[in-house]
Amino acid sequence: MAEIEEDDTYGRMPTALMPNIRRPPPTIPAAIGSVLYPLESLHLDRSKPIEIQMRLSALKIQKHEKHWVESTKQPGYIHFRTYYEHEKLNYCAVCSEGVWRDQPEMRPIYHRHISSIQYRITATANQHGEYVCPTCRMTVHSLKSGIRYPVILTSSTLNGWQGTRSLNSYPGDEIHVDQISLPGAKLKDLALAFRAELGFSYKPVDVVVIAGLNNIISGQSLEEIVLEARVLKKTVLSVEGSTCMFCTLPLPPMMTALEGDNSTPKNDKTDLLNRLNTQLKELNSEKNHPYAQRVPAFHTFGLKKTSKVEKQGPNQMWASKPRHKDVCWRESSKSTMLHLSDSVRLRMGRSLTRYFMGIYGILPDRKDRWKSI
């Protein structure tokens with residue numbers, strides 16, 4: 001361990017100190033010295049062993065995170081869970097048992113709820129206050145996170161976007177990004193999940209939302225969908241200092257028809273989806289938010305341009321027309337194509353990680369970049 005600088009208040013880590021990823025003592029965050037991990041956030045006392053301080057700090061953070069999630073639950077939630085969890089599959093203890101102003105009573109909710117936060121608060125820590133993180137490049141790292149929470153909030157669009165890393169060779173995220181995924185969820189479901197997990201966070205939260213296709217499938221109008229998006233944004237911003245950005249949505253072949261396509265779906269939602277994407281971009285740009293130009297846009301993913309010769313009088317001209325690229329979608333039939341392929345979703349998820357690294361001013365060495373990006 002490098003020497004600790006002299007400081008009356010904190011033991012300050014030199015900015016040149018690199019994370020120890022091979023052996024104890026516990027690793028220092030890869031982004032140390034950035035907006036996400038200021039040097040002062042370590043709160044180290046130069047007169048005490050660093051390893052012990054970092055372990056106690058990590059366990060304290062885990063305890064706080066677990067407390068604020070449980071603080072939303074109504075007394076007697078264990079009996080409530082015991083009664084309802086066998087009624088149907090996928091009883092959600094997180095969303096069912098929380099109570100607040102908009103949901104004064106517990107109610108049984110059934111859906112798949114995949115959360116890195118729930119995983120972390122129940123994880124077993126080693127002697128250094130570290131746990132095994134399944135999404136990070138630095139697989140074993142501290143339970144202690146940065147001074148803000150970067151969070152991906154998604155439906156099935158990006159659920160499990162990293163795929164099987166042993167097969168796709170993705171090394172993992174450079175910084176820890178939390179993910180809350182509810183396959184099949186509408187925007188209002190994600191607002192409920194956020195309220196249950198992070199509504200009482202004492203740290204600001206930076207959220208990126210990639211969801212809304214299920215709202216369209218359910219038959220909602222543009223106004224109804226945008227209203228749910230605004231409620232979700234308001235829910236996130238209720239945590240002081242937080243931000244909420246929406247990614248534009250891909251255009252699935254099962255509900256959209258492009259100029260270069262050879263077929264049209266029975267229930268064509270192309271115009272609705274295009275208008276929704278425009279509304280989501282306007283939501284991002286409210287009050288000229290600086291992150292609006294940084295957030296990834298996914299409405300061109302899964303598409304390609306085709307060049308065709310068109311006749312105009314005696315002359316001919318080349319016209320470029322967008323069409324769906326079937327190989328980029330998971331499903332085999334156009335009538336069911338809703339989800340992008342694993343390789344495309346990996347690119348999408350990776351761009352979100354880069355978005356967070358960008359807003360936090362974390363610029364890794366180009367040599368360290370994943371070759372396939």
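Residues numbered from 1 in each chain as written. Predicted model: local features only at pLDDT ≥ 70, side-chain atom pairs only at ≥ 80, totals over all residues. Heavy atoms only, no water.

Focus on the pattern of salt bridges
Then, in step 1: Using the criterion set out here, one finds 13 salt bridges in the structure.
Then, in step 2: Between Glu97 and Lys73 there is a salt bridge; the shortest N-O distance is 2.9 Å. Of the two residues, Glu97 is situated in the loop between helix 3 (93-96) and strand 1 (114-115) and Lys73 in the loop between helix 1 (50-70) and helix 2 (77-84); the sequence distance between them amounts to 24 residues. As far as the burial class goes, Glu97 and Lys73 line up, both buried.
Then, in step 3: Arg120 is the salt-bridge partner of Asp178, the closest N and O atoms lying 2.8 Å from each other. Taken together, the residues Asp178 in strand 5 (residues 178-181) and Arg120 in helix 4 (residues 116-121) connect sequence positions 58 residues apart.
Then, in step 4: Look at the salt bridges and you will find they share partners, linking Arg137, Glu174, Arg350 and Arg354 into a network. (Salt bridge = Lys/Arg side-chain N within 4 Å of Asp/Glu carboxyl O. Helix = DSSP H or I, 4+ residues; strand = E, 2+ residues; numbered from the N terminus. Buried < 20%, exposed > 50% of the residue type's maximum accessible area, 1.4 Å probe, protein only.)

Regarding the layout of surface pockets
Leftover empty space is mapped by rolling, across the atoms, a probe with the size of a water molecule.
Then, in step 1: Space inside the second largest pocket adds up to approximately 430 Å³.
Then, in step 2: In this structure, the second largest pocket is lined by 19 residues; those nearest its centre are Arg107, Lys188, Asp189, Ala191 and Leu192.
Then, in step 3: Mapped onto the lining of the second largest pocket, the elements with two or more residues apiece are helix 6 (187-198) and helix 8 (222-237).
Then, in step 4: Among the elements that take part in the lining of the second largest pocket, helix 6 stands out by supplying 5 residues, more than any other.
Then, in step 5: Here the residues of the lining of the second largest pocket sort into 9 nonpolar, 4 polar and 6 charged. (1 Å grid on protein atoms, 1.4 Å probe; cavity = no way out; pocket = protein on both sides within 12 Å on 5 of 7 lines; lining within 4 Å. Points joined across faces, edges and corners; volume = space filled by probe spheres on them. Nonpolar A, V, L, I, M, F, W, Y, C, P; charged D, E, K, R; others polar.)

Brief notes about the packing of helix 6 against helix 8
Then, in step 1: It is the contact of helix 6 with helix 8, at a shortest axis distance of 8 Å, that shows an interaxial angle of 10°. It follows from the interaxial angle that helix 6 and helix 8 lie roughly parallel. Where helix 6 abuts helix 8, its residues Leu187, Lys188, Leu190, Ala191, Phe194 and Arg195 lie against Ile225, Glu228, Ala229, Leu232, Thr235 and Val236.
Then, in step 2: Classifying every residue of the contact of helix 6 with helix 8 gives 8 nonpolar, 1 polar and 3 charged. (Axes fitted to C-alpha atoms, helices over the stretch in contact; angles between N-to-C directions. Parallel < 35°, antiparallel > 145°, perpendicular 65-115°, else oblique. Contact = heavy atoms within 4.5 Å.)

As for the nonpolar core
Then, in step 1: By size, the foremost hydrophobic cluster in this structure holds 78 residues, and its most contacted members are Leu198, Val207, Val209, Leu232, Phe246, Leu276 and Phe356.
Then, in step 2: Among residues more than four places away in sequence, those in contact with Leu232 are Leu153, Leu187, Leu190, Ala191, Val209 and Phe246.
Then, in step 3: Membership of the second largest hydrophobic core comes to 6 residues, among which are Ala58, Tyr131, Cys133 and Cys136. (Core = buried A, V, L, I, M, F, W, Y, C linked by side-chain atoms within 4.5 Å.)

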